[in-house]
Amino acid sequence: MKTIQTTAAKIQRLEIQGARNIAVAAIKAVKALATETKTRDKQEFLKELAEAKTTLFASRETEPLMRNAVRWILNQVEESSSIEVKKLASLVDSAAEQFLKNLEASKERIAEIGAKRVKNGSVIMTHCHSSTVTHLLRQAKLDGKTFEVICTESRPVFQGRTTAKEMLELGVKTTLIVDSAARSFMNQVDQVFMGADALTSEGNVVNKIGTSMVALIAKEARTPFYVVSELLKFDPVTRFGDFEKIEERSPSEVWEAPPRGLVIRNPAFDITRRDFVHGIICEEGIIPPHSIIQVMHRRYPWISE
Ligand code: RUB
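Calculation criteria
- Residues numbered from 1 in each chain as written.
- Predicted model: local features only at pLDDT ≥ 70, side-chain atom pairs only at ≥ 80, totals over all residues.
- Heavy atoms only, no water.
- Helix = DSSP H or I, 4+ residues; strand = E, 2+ residues; numbered from the N terminus.
- Rg over C-alpha atoms; globule rule 2.2 N^0.38 Å.
- Buried < 20%, exposed > 50% of the residue type's maximum accessible area, 1.4 Å probe, protein only.
- Contact = heavy atoms within 4.5 Å.
- Areas by Shrake-Rupley, 256 points an atom, 1.4 Å probe, with all protein chains shown as cover.
- Lys, Arg positive; Asp, Glu negative; His and termini not counted.
- Charge placed at Lys NZ, Arg CZ, Asp CG, Glu CD.
- Near = heavy atom within 4 Å.
- Polar contact = N/O pair within 3.5 Å; in protein donor to acceptor, adjacent residues only side chain to side chain.
- Nonpolar A, V, L, I, M, F, W, Y, C, P; charged D, E, K, R; others polar.
- Domains from an automatic or database assignment.
- Pairing = 2+ DSSP bridges.
- Axes fitted to C-alpha atoms, helices over the stretch in contact; angles between N-to-C directions.
- Right-handed = clockwise from strand over helix to strand, strands pointing away.
- Left-handed = near helix turned anticlockwise from the far one by under 90°.
- Disulfide = S-S within 2.5 Å.
- Salt bridge = Lys/Arg side-chain N within 4 Å of Asp/Glu carboxyl O.

**Student:** Looking at this structure, I do not really get the overall build of the chain. What am I missing?
**Tutor:** Within the chain, the secondary structure is distributed over ten helices and ten strands. Scaling as 2.2 N^0.38, a compact globule of 305 residues should have a C-alpha radius of gyration of about 19 Å, and the chain matches this with 20 Å. The principal-axis extent of the C-alpha atoms belonging to the chain is close to 60 × 50 × 40 Å. Put simply, the chain has 305 residues, and 55% of those count as buried. Long-range pairs, those at least 24 residues apart, make up 77% of the contacts in the chain between residues at least 6 apart in sequence. When the accessible surface of the chain is split by element, carbon and sulfur atoms take 51% of a total near 14600 Å². Averaging the locations of the 43 positively and 39 negatively charged side chains of the chain gives two centres separated by 2 Å.

**Student:** What should I look at first to understand the site of the ligand in this one?
**Tutor:** With respect to spatial proximity, 18 residues lie near the ligand, and among them Gln 17, Ser 130, Ser 131, Thr 132 and Asn 207 are the closest. A distance of 2.5 Å separates an oxygen atom of the ligand from a polar atom in the side chain of Thr 132. Within the side chain of Lys 208, a nitrogen or oxygen atom sits 2.7 Å from an oxygen atom of the ligand. Protein coverage of the free-state accessible area of the ligand, which is 460 Å², stands at 100%. Grouping the constituent residues of the shell around the ligand by class yields four nonpolar, nine polar and five charged. Looking at which domains feed residues into the shell around the ligand, each of domain 1 (2-108) and domain 2 (116-304) gives three or more.

**Student:** Got a minute to help me understand the sheet that holds strand 7 (residues 225-228) in this structure?
**Tutor:** Strand pairing within a sheet occurs via backbone hydrogen bonds; the two strands may be parallel or antiparallel. The seven strands lie next to each other as 3-2-1-4-7-9-10, forming an open sheet whose pairing is mixed. Each end of this open sheet is capped by a strand with a single partner; those strands are strand 3 (173-177) and strand 10 (285-287). The mean angle between the axes of side-by-side strands here comes to 25°, regardless of whether they run parallel or antiparallel. As defined by bridge partners, strand 1 (residues 122-126) adjoins strand 4 (residues 191-194) across two bridges and the pair is classed as parallel. Considered in strand 4, the bridge of Ile 124 is made with Gln 191. Contacts from helix 6 (residues 131-142) reach strand 1, strand 2 (147-152), strand 4, strand 7 and strand 9 (279-282), with the element oriented near 165° to strand 2.

**Student:** Explain the pairing of strand 3 to me, please; I cannot follow it from the model alone.
**Tutor:** When a strand is regular, its side chains alternate between the sheet's two faces. Pairing geometry for strand 2 and strand 3, over five bridges, is parallel. Residue pairing across strands places Thr 152 opposite Ile 177, the latter belonging to strand 3. Between the parallel pair strand 2 and strand 3, the chain is carried across by helix 7 (residues 159-170), and the sense of this crossover is right-handed.

**Student:** What is the right way to look at the packing of helix 3 (residues 42-59) against helix 5 (residues 85-115) in this model?
**Tutor:** When two helices pack together, their arrangement is captured by the angle between the axes and the distance separating the axes. Closest axis-to-axis distance for the helix 3/helix 5 pair is 9 Å, and the angle between their directions is 30°. The interaxial crossing formed by helix 3 with helix 5 has right-handed handedness. Counting all contacts with helix 3, which are made through Lys 42, Phe 45 and Leu 49, the residues of helix 5 involved are Val 85, Leu 88, Ala 89 and Val 92.

**Student:** Would you take a moment to explain the state of the cysteines for this structure?
**Tutor:** By definition, a disulfide links two cysteine residues through a covalent bond between their sulfur atoms. One pass over the structure, following the stated rule, counts zero disulfides. Free cysteine Cys 128: the closest other cysteine sulfur is in Cys 151, separated by 11 Å. A relative accessible area of 6% means that Cys 128 is categorised as buried.

**Student:** Looking at this structure, I do not really get the domain arrangement of the chain. What am I missing?
**Tutor:** Interface size, as often reported, equals the accessible area lost upon joining of the parts. In terms of domains, the chain is made up of domain 1 (2-108) and domain 2 (116-304). Just the C-alpha atoms count here: the centres of domain 1 and domain 2 sit 26 Å apart. The interface is formed by 22 residues belonging to domain 1 together with 31 residues belonging to domain 2. Along the contact surface separating domain 1 from domain 2 lie four salt bridges. Across the salt bridge formed by Arg 67 and Asp 235, the nearest N and O atoms sit 2.8 Å from each other. Linking domain 1 with domain 2 are 13 residue pairs in polar contact (both at pLDDT 80 or more), by the criterion used here. Only helix 2 (19-36), helix 4 (64-79) and helix 5 provide two or more residues apiece to the side of domain 1 that touches domain 2. With six residues, the single largest contributor to the side of domain 1 that touches domain 2 is helix 4. The residue inventory of the side of domain 1 that touches domain 2, partitioned by class, reads seven nonpolar, six polar and nine charged.

Spelled out as structure tokens, the structure:
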């Protein structure tokens, strides 16, 4: 349980950030738990896994990729006819490995597809830090494309700096702007590439706060706005009426020592309506956002079970 708690704390503090990194860390923590378990029967083991799930899910509430991954792995144990803890633990291990392998394959496929959309000599805008977006841009660079990147700081915790550093390491000309300068620069931008934390059944996209503002500006400037995301960021509960919960973080991230009586709000994410999204670049290709349910049904039928 120690690894689970440490991982959940790192996720909560944003030491591990971005939906993909969060999911990978959670999967690895569940894997470690299975290796280290001292439980003696299936019931005890299942209880321990359920506790781990609760702790991980509570670390950040807008992370369906993590939830889908952990749910899928735990499902393998619940459905197994095996009762021996050793066998069940090894089942967790292989399920976790398989999930990670598939996630890696999706990331590569997305980069391969998306890199073709990067035009030579173009300027790309992104917001926050998405490892899926930076991987796509790395692939474009490997394909010999020349392009520039404009990234926003992404207040309040400046994840845009991580993007800027990665782009510079790639040898890409990079410009960092404050979030509120996005409109001033949009006319120089050819395409926007944006990550996602959650995809809803209606094809709306949940991502770092400020994303919907960039989408609005892009639409006004007729700049294509692409979402770059693994399909497993789809949240099945949205299909049955629930709204995606938007995490609200501590006001101290915005202002450490504010004057008394001041109300500070710090939502971590916002929702971009599907009409602002040119396409979702995912492992199934570039899809229109409104087709998400059919695509999920075809590719991951277990998601809504
Ligand atoms: C990160 C963020 C990223 C998505 C996608 O927010 O909004 O765009 O998580 O990232 P935070 P990835 O820093 O608050 O976690 O493509 O790496 O999954």
